[in-house]
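Now for the letters of each chain:
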Amino acid sequence: MTKEELRAELERQAERYKEVYGGEVTTYAAQPEPERKPWRKRASILDQAFAQEIEKIEKELRSDDD
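Note that the structure is a prediction, hence the values are computed from the model and not measured.

Chemist: Pulling in residues and values, what's your account of the overall build of the chain?
Modeler: The number of helices and strands found in the chain is two helices and zero strands. When burial is assessed residue by residue, the chain has 2% of its 66 residues classed as buried. Approximately 7100 Å² of the chain is accessible, and the part contributed by carbon and sulfur atoms is 52%.

Right under this line is the structure:
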């Protein structure tokens, strides 16, 4: 199915919906996919330093519990 055939089919379905149900059809453009995925973002230097501090604190807490 080509783009033109798909557009024509969607237009037919929209017209049929309007005729049968008397409703309105609103079409929206597809949202582009974000360039960078936040879950794949590399950690910054501050993020790395924060993680190291958290590890230090956890080790201290574990050693205090023993």
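Chemist: If you had to explain the pattern of salt bridges to someone new, which residues and values would you point to?
Modeler: Applying the stated criterion across every chain, the model contains five salt bridges. For the salt bridge of Lys-56 with Glu-53, the shortest nitrogen-to-oxygen distance reads 3.4 Å. Here the residue Lys-56 and the residue Glu-53 both occupy positions in helix H2 (residues 45–65), the gap between them amounting to three residues, near one helical turn. Taking relative accessible area as the criterion, Lys-56 reaches 47% and is therefore assigned partly exposed. One salt bridge in this structure joins Arg-62 and Glu-58, with 3.9 Å as the shortest N-O distance. Within this pair, Arg-62 and its partner Glu-58 are both found in helix H2, separated by four residues, close to a single helical turn.

Chemist: Could you give me a rundown of a nonpolar patch on the surface, with the residues and numbers involved?
Modeler: Residues Tyr-17, Val-20, Tyr-21 and Val-25 make up a contiguous nonpolar surface patch of roughly 400 Å² in combined accessible area. By the element assignment, Tyr-17 lies in helix H1 (residues 3–21).

Chemist: Requested: an account of H1, with residues and values cited.
Modeler: With 19 residues, H1 extends 26 Å between its outermost C-alpha atoms, agreeing within 8% with the 27 Å of an ideal straight helix rising 1.5 Å per residue. Trailing H1 by a residue or two, Gly-22 shows a phi angle of about 70°, which is positive.

Chemist: Please set out the environment of Gly-23 residue by residue, giving values where relevant.
Modeler: Inspection of the secondary structure assignment puts Gly-23 in the loop between H1 and H2. Taking relative accessible area as the criterion, Gly-23 reaches 23% and is therefore assigned partly exposed. Ignoring sequence-local partners within four residues, the contact set of Gly-23 consists of Tyr-17 and Lys-18.

Rules behind the numbers
Residues numbered from 1 in each chain as written. Predicted model: local features only at pLDDT ≥ 70, side-chain atom pairs only at ≥ 80, totals over all residues. Heavy atoms only, no water. Helix = DSSP H or I, 4+ residues; strand = E, 2+ residues; numbered from the N terminus. Buried < 20%, exposed > 50% of the residue type's maximum accessible area, 1.4 Å probe, protein only. Areas by Shrake-Rupley, 256 points an atom, 1.4 Å probe, with all protein chains shown as cover. Salt bridge = Lys/Arg side-chain N within 4 Å of Asp/Glu carboxyl O. Patch = residues over 30% accessible without salt bridge, like charges linked within 9 Å, V, L, I, M, F, W, Y side chains within 5 Å. Expected span 1.5 Å × (residues − 1). Contact = heavy atoms within 4.5 Å.

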